[in-house]
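Next come the chains, spelled out residue by residue.
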Amino acid sequence: MTMLEFVILIGFALVILGVVLAAIRLVRGPTLADRIVALDLMTVQLVSFGGLTALRSGSAGFLDVAVVLALVGFLATVCLARYLERRILLKAEELI
């Protein structure tokens, strides 16, 4: 096993650990903002998983998947943040 293969293996283990911990935060919350951040973190980690897979296999096809996932994750985070902002504004208007 070369040094690169060993480092990629450690990278896979750390990414999987990060996804599991972010999934726990996604389920536990306690607020919607925490869940949005956890979902965004999971997306970033899955993009890095695609990059590690591309390194290990030597195929650039996984990089295309990672870029598309990054774009979809960004759009989802922006949409959820706008939803959260509108929800907060509506609650503020009810108080007035």
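Predicted model only: the values in this text are computed from it and were never measured.

As for the environment of Gly73
Next up, step 1: Along the polypeptide, Gly73 turns up in helix H3 (residues 61–95).
Next up, step 2: Residue classification places Gly73 among the buried residues on the basis of a relative accessible area of 7%.
Next up, step 3: Along the chain, Gly73 and Leu17 lie 56 residues apart, while their C-alpha atoms are 19 Å from each other.
Next up, step 4: Beyond its immediate chain neighbours, meaning those up to four positions away, Gly73 contacts Asp40 and Thr43.

A closer look at H3
Next up, step 1: Look at H3: 52 Å from first C-alpha to last across 35 residues, which is about the 51 Å you get at 1.5 Å a residue.
Next up, step 2: Three or more residues of H3 are buried, namely Ala66, Gly73 and Leu84.
Next up, step 3: Contacts from the buried residues of H3 go to helix H2 (32–57).

As for the packing of aromatic side chains
Next up, step 1: Taken as a whole and assessed by the stated rule, the structure comprises one aromatic pair.
Next up, step 2: Look at Phe12 and Phe49: their rings are 5.0 Å apart centre to centre, the planes differ by 65°, and that puts the pair in the edge-to-face class. Here Phe12, found in helix H1 (residues 3–28), pairs with Phe49, found in helix H2; they are 37 residues apart in sequence, far enough to count as distant.
Next up, step 3: Accessibility expressed as a relative area gives 31% for Phe49, which makes it partly exposed.

Side note on H1
Next up, step 1: Here H1 is 26 residues long and its end C-alpha atoms lie 38 Å apart, about the 38 Å a rise of 1.5 Å per residue gives.
Next up, step 2: The inward-facing, buried residues of H1 abut H2.
Next up, step 3: Taken from the residues just after H1, Gly29 is the one with a positive phi, measuring 80°.

Comments concerning unusual backbone geometry
Next up, step 1: Going from Gly29 to Pro30, the amide bond is cis rather than trans, its omega being 5°.
Next up, step 2: Here Pro30 is to be found in the loop between H1 and H2.

Calculation notes
Residues numbered from 1 in each chain as written. Predicted model: local features only at pLDDT ≥ 70, side-chain atom pairs only at ≥ 80, totals over all residues. Heavy atoms only, no water. Helix = DSSP H or I, 4+ residues; strand = E, 2+ residues; numbered from the N terminus. Buried < 20%, exposed > 50% of the residue type's maximum accessible area, 1.4 Å probe, protein only. Contact = heavy atoms within 4.5 Å. Expected span 1.5 Å × (residues − 1). Phe/Tyr/Trp six-rings, centres within 6.5 Å; stacked < 30°, edge-to-face > 60°.

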